[in-house]
Amino acid sequence: MPVIEEKPQDEKLFRIRHSLAHVMAQAVQTLYPGTKLGFGPAIDDGFYYDFILPKPLSDAELPAIEGKMREIIAAAQTFSHEDLPLDAALTRIEGQMGEPFKAEYARELANKKGHREISFYTNGGFVDMCEGPHVSKTSDIPADAFKLHSLAGAYWRGDERNAMMTRIYGYAFNTKAELDEYVTAVEQARQRDHRKLGAELRIYAIRDEIGKGLPLWLPNGAAIRHELEKLAHEMEFRAGYKKVATPHITKRGIYETSGHIPLYEDGMYPPMVLEEEGRGAGGPEEAYYLKPMNCPHHHMVFASEKHSYRDLPLRYTEYGSVYRFERAGALQGLTRVRGMTMNDAHIYVTPEQLKEEFQAVMQLHERYYSLFGLTNYFMRLSLWDPADPKRGSKYVDDPENWALSERLVTEALEEMGANYKLSPGEAAFYGPKVDFQFVTVTGREFTLSTNQLDFAVPSRFGLAYTDKDGKEKTPYCIHRAPMGTHERFIAFLIEHFGGAFPTWLAPVQVVIIPVSDKFLAYGKKIEALLREDLVRVELDTSSATMGKKIQEGATRKVPILLVVGGKEETEQTVTVRRYGIKEQKAMPLAGFVEMLSQEIKERRHV
Ligand code: ATP
Ligand code: ZN
Ligand code: ZN
């Protein structure tokens, strides 16, 4: 059960970053006298400091601050340490230093944490209240390995009732080479950001007229969704899943049975109460909700037919649309939305089938990921926490079933030789789960999909099958969504491929570029041929030059451009240019059609 290694802390780099925060504050106060200081910590890729400035600051002023910082570094000022009793410390902070925010914090240290003394560091006449550690003198900071890169607003202590401060961020590393490498990586990540590419490649749009977090899928995005659904259909059909379809709105009662109300009500859109005659019966019990998940509906599908042990495992699948009232501040592009469509399925099993089916689901996840070439992920096994004082409200209180299901899931993982991290206390309320954690190009970790075991909810819904002995028994349920939601998964794929999708997934797979209008007819013939084969093809009939058309195809990251002119028409060939490859290749038309259809069918990444 090896786990991902944590990066060892670089103590020297921490000192450099932390010292740079001091030096930046010193520079800012020199350049803008009267500036008040907030906090200024070292962070993962550098440092920041929060300020109240006498005037607003713009990016254009960052180089001047950097320049001042380099002067301070060159001056080789030593950091000296001093502890003062609280009274003397406050006199200094409020008098000589004139720092109200620091004074507030010093009082808090004394009152809440019992500090009798306050620690100060001084360099070159600049005093900061701080516990260290620092470099010994400013010239120990590599002057060419840091860079101020952005400004942001930040409330004092992160509380919106407090003053708004200006935060200046800096990157800092041990060497200039490391800094340059990091800056390049950040820039590349920015180029791949799904919000940027999603707009440029016309994949989705979010409009005020529709609502926050409710993306519209433009034709290009809808094409990607279609391919993912087709993939899921094929994989799941072969794995014995059965498709179901369920409505988007549902009466209140089912969410009382499932336990979502009252627990999860905040995460749901408010109810529609149908009071008027002719619009349904009155009363809040007749309230309808937009469904936040598909589980209760699938349970009701299960309940609508009689089942024997011979029918199990029974696997219901649906690309189900759900709505969650996510906090406005948490919404982000496609990765966190309010309206989403989930690659969902619920599998009903006997206890004996549980482990094997759980493994089959894990293998299905892996098949999806290897198909997309996704390797930068790990699994996280979330367990319950029997010692949690709030365990009664957080988890179904059934220690025996927790023990059994956690044992089965752990065995399932171990037998597969999976690498995973343990996350005690993070289980779903109905059972343990395995989350698939991915790291984006910007280095952010998030859950892409999940595989969950549920030993509790089926009994709440009274689900049953007839066992070998003729007795009615409650099935276990596996909830799984290997491709998560279209929204989060496609956001991830956009960044993963940098918008240059493999042919099978590309919104437009082929653009035909006639050398001149004379060859439009030949172009049309190819277009018709490919469209008949269900290829997403376009014929470029614009009056732009050929060079422009090829460039346009590259900007749109179309995987295949076909250039056709006199030679091609006479010989019934096409000249194939692939995205990102310089050489072009002439091929017989029939051979190209055959090759393309194989490439798409096998979902080959060329
Ligand atoms: P999270 O912790 O990210 O809010 P969750 O645990 O509530 O997610 P599940 O109910 O397990 O999510 O949903 C399954 C999958 O749906 C998640 O793994 C994720 O990929 C996706 N998902 C969940 N919430 C959102 C959202 N608001 N926007 C886009 N995708 C989402
Ligand atoms: Zn310090
Ligand atoms: Zn579910």
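Okay, so let's go over this structure. (Residues numbered from 1 in each chain as written. Chains lettered and ligands numbered in written order. Predicted model: local features only at pLDDT ≥ 70, side-chain atom pairs only at ≥ 80, totals over all residues. Heavy atoms only, no water.)

**What to know about the sheet that holds strand β25 (residues 560-564)**
Item 1. Strand order across the open sheet formed by five strands is β24-β23-β25-β26-β27, with mixed pairing between neighbours. Of all the strands in the sheet, just β24 (537-539) and β27 (584-588) have a single pairing partner and so form its edges. Between one strand axis and the next, the sheet turns through 25° on average, direction left out of account.
Item 2. Set on the sheet, helix α16 (residues 520-532) makes contact with β23 (510-514), β24, β25 and β26 (573-578); between it and β24 the angle comes to about 165°. (Pairing = 2+ DSSP bridges. Helix = DSSP H or I, 4+ residues; strand = E, 2+ residues; numbered from the N terminus. Axes fitted to C-alpha atoms, helices over the stretch in contact; angles between N-to-C directions. Contact = heavy atoms within 4.5 Å.)

**Some points on unusual backbone geometry**
Item 1. For the bond running from G132 to P133, omega is 0°, close enough to zero to count as cis.
Item 2. With respect to the helices and strands, the residue P133 is situated in the loop between β6 (126-129) and β7 (146-155).
Item 3. With omega at -5°, the peptide bond leading from L312 into P313 counts as cis.
Item 4. By secondary structure assignment, the location of P313 is in the loop between α10 (295-303) and β14 (314-323).
Item 5. With a phi close to 70°, L534 is a non-glycine residue in the positive phi region.
Item 6. Here L534 is to be found in the loop between α16 and β24.

**What about the site of ligand 1?**
Item 1. Every one of the 15 residues lining ligand 1 counts as a neighbour, but R324, E326, V337, L448 and T485 are closest to it.
Item 2. With respect to ligand 1, the backbone of L448 contributes an N or O atom lying 2.8 Å from an oxygen atom.
Item 3. Breaking the shell around ligand 1 down by element, the ones donating at least two residues are β15 (339-349) and β19 (445-454).
Item 4. Across the shell around ligand 1, the residue classes tally to four nonpolar, seven polar and four charged. (Near = heavy atom within 4 Å. Polar contact = N/O pair within 3.5 Å; in protein donor to acceptor, adjacent residues only side chain to side chain. Nonpolar A, V, L, I, M, F, W, Y, C, P; charged D, E, K, R; others polar.)

**Quick word on the pattern of salt bridges**
Item 1. Under the counting rule described, the total for this entry stands at 39 salt bridges.
Item 2. Notably, a salt bridge pairs K230 with E227, separated by 3.8 Å at the nearest N-O pair. Of the two residues, K230 and E227 are both situated in helix α7 (residues 219-238); the distance of three residues between them amounts to about one turn of the helix.
Item 3. Where E234 meets R603, a salt bridge forms, and the shortest distance between an N and an O atom there is 2.9 Å. With E234 in helix α7 and R603 in the segment after α19 (589-601), this pair connects stretches of sequence that are 369 residues apart.
Item 4. By relative accessible area, which is 11% here, R603 ends up buried.
Item 5. A network of salt bridges, in which partner residues are shared, links K355, R407, E411 and E415. (Salt bridge = Lys/Arg side-chain N within 4 Å of Asp/Glu carboxyl O. Buried < 20%, exposed > 50% of the residue type's maximum accessible area, 1.4 Å probe, protein only.)

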